[in-house]
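Chain and residue survey
The chain contents come next:
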Amino acid sequence: MKKNVMALSIAAMIGGLGFAGAASADVIVGTGATPLTVADMAAGKIAAPTANNLEVTRAGVGHALIVPYFNAQNGNMTVLHVTNTDQVNGKVAKVRFRSASNSDDLLDFQVFLSPGDVWTAAITADANGLAQIVTADNTCTVPALAAGVPQSFNNSSARLPSYLTEAQRNALTREGYVEIFNVADISALKAFDTNGALNAAGPNRSALYTATKHVSGVAPCSVAGSAARTLLNNAAIADYTTQLQAATAGLDSGSGGLMGDWYIINVPQTTTFSGAATAIVANTGAGTAPAVGNFRHFAQLGNNLVTLSADAANGVTADPLFRNVNVFDAAGAKVTTAALTMLNYDAPDLSTPFFSAATSANTLAQSTALLTALSVKSVTNQYALDASITAKTDWVFSMPARRYNVAANYAAVTGTTGATGPTTANAKYRLFTDLNANGTQAGEWFYPAVSADYTTGAGTYKAGGNTTVDTAGNICVFADGQKFFDREETSASAGPVFSPGTASTVSFCGEVSVLAFQDTGNSVLGASVARNTVTSGFYTNGWGVIDTTNAAQGLPLLGESFIKLSNPQAGAGVSGTYGINWAHRFTR
């Protein structure tokens, strides 16, 4: 198995910069003015959070971004653009790639964006089928992504299923989604001196601001071996546990301002799809402007997380694999030992409190708010299969918040078949976070089929749960129904048929699932990680609606319709292949 270069660079930093000991980190709730004043900075304060609400914003700019799908299959390349729209302050952004299968962390790192900066990168597959990222950007990252040098994604059995071969684990890296968080601002205010006093002489900025601010198109920290690079490495792996430590480093609470875009391009097939990242904003109420959130920077290190939160990892995440309270398995038994040890680089995630203190209750509340913001009760879009233009259609369904309610516990698998494998019968394979801490199915998005009393530790989720496991080990949830129409008002009288040939409803298997229309081959996207094919029950072209009521909770879905077609009149040497993508329309 290939060594992970980025993991090795982290290890080198731990040994080389004196951070080999236990680290402690936490969400810091600032107490300074918003925006921060020079006087507050002199007093060692960062800005107090003013936000009290979390929502998906149509404005497209926020504190967190979700790229709902990346694809490096069948010659595809996915390109990301992340923009800091704040023209005053820099941003520290955490970037995390997760697998389409069960949301496993494939790669994460920190990006240091100067004011008005744009960071770009591309994801492809290497000769062994392992996803990799490459950038030509001067914006600094930790660990460093050297310009033009590919960095492999993680295919280690430590986080991906150990019972799979290396080639099978590589396949899980080629599709997924991306999370991007504004974990801290890089303040444009004057700097502290080495004694912690405000440097009043001149317009000096912090050393971190200067290290990341581009000069003639080049960020000083991008120069290997430079003092600016060393400073950046230290900042990325430091443990900021007090306002004074953060302020002294030139950091401040996150104020949002991130914007993201993506496109999937296949050069040999001359096809391109594009879209905007979904933005999540912390604000003071529905539709209001972005507000200041928490400082949520965690050291970019692979050692065990030691948090100042009295609730330990439970105060940092709602992920059931990292928690040991309010977690149950599919048989309803309480889980009191975390399935995975949370490491520093695992934080933050989408459930880490944006504007409240780091407590177990707050991580559950934020996950509930996030799932609510993303949940929809129907999904509508178009499809086209016209033979005359070789039209093909894939629908993509991304559920980036599902991980905070249900996750796959690969450690429960002692074999690959039967009750010991990644199956519904293996009760320990699916772990659930009881988001409402009330021991009932009410208010949960994903739940198993058990009927005993949860409040006594045996479970209360009623029989007929809405999750199962497919033969690939992907956790699945079913839609409540679907209906396909042609373009002349006609709807199918018979229900759709899904391969391998049984009538059923749409199932969303995996964290990012792809529904292909008719084509059982590569189809539009070449998807294979979490793929389903509807083989009949639709028309040559038209539209469809999928019912995702889910016991009135809805399902937390994002996604698009991807349509590929060709011009049969295109002459030799002329590109005649085209890509169209439309975002799903929803009801809430």
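Residues numbered from 1 in each chain as written. Predicted model: local features only at pLDDT ≥ 70, side-chain atom pairs only at ≥ 80, totals over all residues. Heavy atoms only, no water.

1. Regarding the overall build of the chain
- Of the regular secondary structure elements, the chain holds seven helices and 34 strands.
- Evaluated residue by residue, the chain yields a buried proportion of 57% over its 588 residues.
- In the chain, the proportion of contacts linking residues at least 24 apart, taken out of those at least 6 apart, comes to 72%.
- Surface accessibility of the chain: about 20,900 Å² in total, with carbon and sulfur atoms responsible for 56%. (Helix = DSSP H or I, 4+ residues; strand = E, 2+ residues; numbered from the N terminus. Buried < 20%, exposed > 50% of the residue type's maximum accessible area, 1.4 Å probe, protein only. Contact = heavy atoms within 4.5 Å. Areas by Shrake-Rupley, 256 points an atom, 1.4 Å probe, with all protein chains shown as cover.)

2. Some details on the pattern of salt bridges
- All chains considered together, the criterion is met by twelve salt bridges.
- Two residues, D519 and K392, come together in a salt bridge whose shortest N-O distance is 3.0 Å. Within this pair, whereas D519 is found in the loop between β28 (512-517) and β29 (531-536), its partner K392 is found in strand β19 (residues 392-398), the two being separated by 127 residues in sequence.
- Linked through salt bridges whose partners overlap, the residues forming this network are R96, R98, D105 and E179. (Salt bridge = Lys/Arg side-chain N within 4 Å of Asp/Glu carboxyl O.)

3. Focus: helix α7 (residues 360-374)
- Compared with the 21 Å implied by 1.5 Å per residue over 15 residues, the 21 Å span of α7 between its first and last C-alpha is a close match.
- Summarising the contacts, the buried residues of α7 are in contact with β1 (53-57), β15 (278-283), β17 (375-376), β21 (430-433), β31 (555-556) and β32 (558-566). (Expected span 1.5 Å × (residues − 1).)

4. Some thoughts on the state of the cysteines
- Applying the stated rule across the entire model yields two disulfides.
- Across a sulfur-sulfur distance of 2.1 Å, C476 and C509 are joined as a disulfide pair. The disulfide joining C476 to C509 has a torsion of about 110 degrees about its S-S bond and is therefore right-handed. Of this pair, C476 sits in strand β23 (residues 475-478) while C509 is found in strand β27 (residues 507-509), placing the two residues 33 residues apart along the sequence. (Disulfide = S-S within 2.5 Å.)

5. Looking at the nonpolar core
- Ranked by internal contacts, the top residues of the largest apolar core, which has 117 residues, are F97, I133 and F508.
- In terms of residue count, strand β11 (residues 175-186) provides more of this core than any other element does, seven residues in total.
- Residue contacts for F97: discarding those within four places in its chain leaves F70, L80, D104, D105, L106, L107, F109, I123, I133, F153, Y177 and V178. (Core = buried A, V, L, I, M, F, W, Y, C linked by side-chain atoms within 4.5 Å.)

6. As for empty space enclosed by the protein
- Within this structure, the stated rule accounts for two cavities of 30 Å³ or more.
- As a volume, the largest cavity reaches approximately 80 Å³.
- Considering the residues around the largest cavity, the lining is formed by R96, R98, S103, D104, D105, R159, D319, F322, L340, D346, D349 and R403.
- Grouping the amino acids of the lining of the largest cavity by side-chain chemistry returns two nonpolar, one polar and nine charged.
- Estimated volume of the second largest cavity: approximately 50 Å³. (1 Å grid on protein atoms, 1.4 Å probe; cavity = no way out; pocket = protein on both sides within 12 Å on 5 of 7 lines; lining within 4 Å. Points joined across faces, edges and corners; volume = space filled by probe spheres on them. Nonpolar A, V, L, I, M, F, W, Y, C, P; charged D, E, K, R; others polar.)

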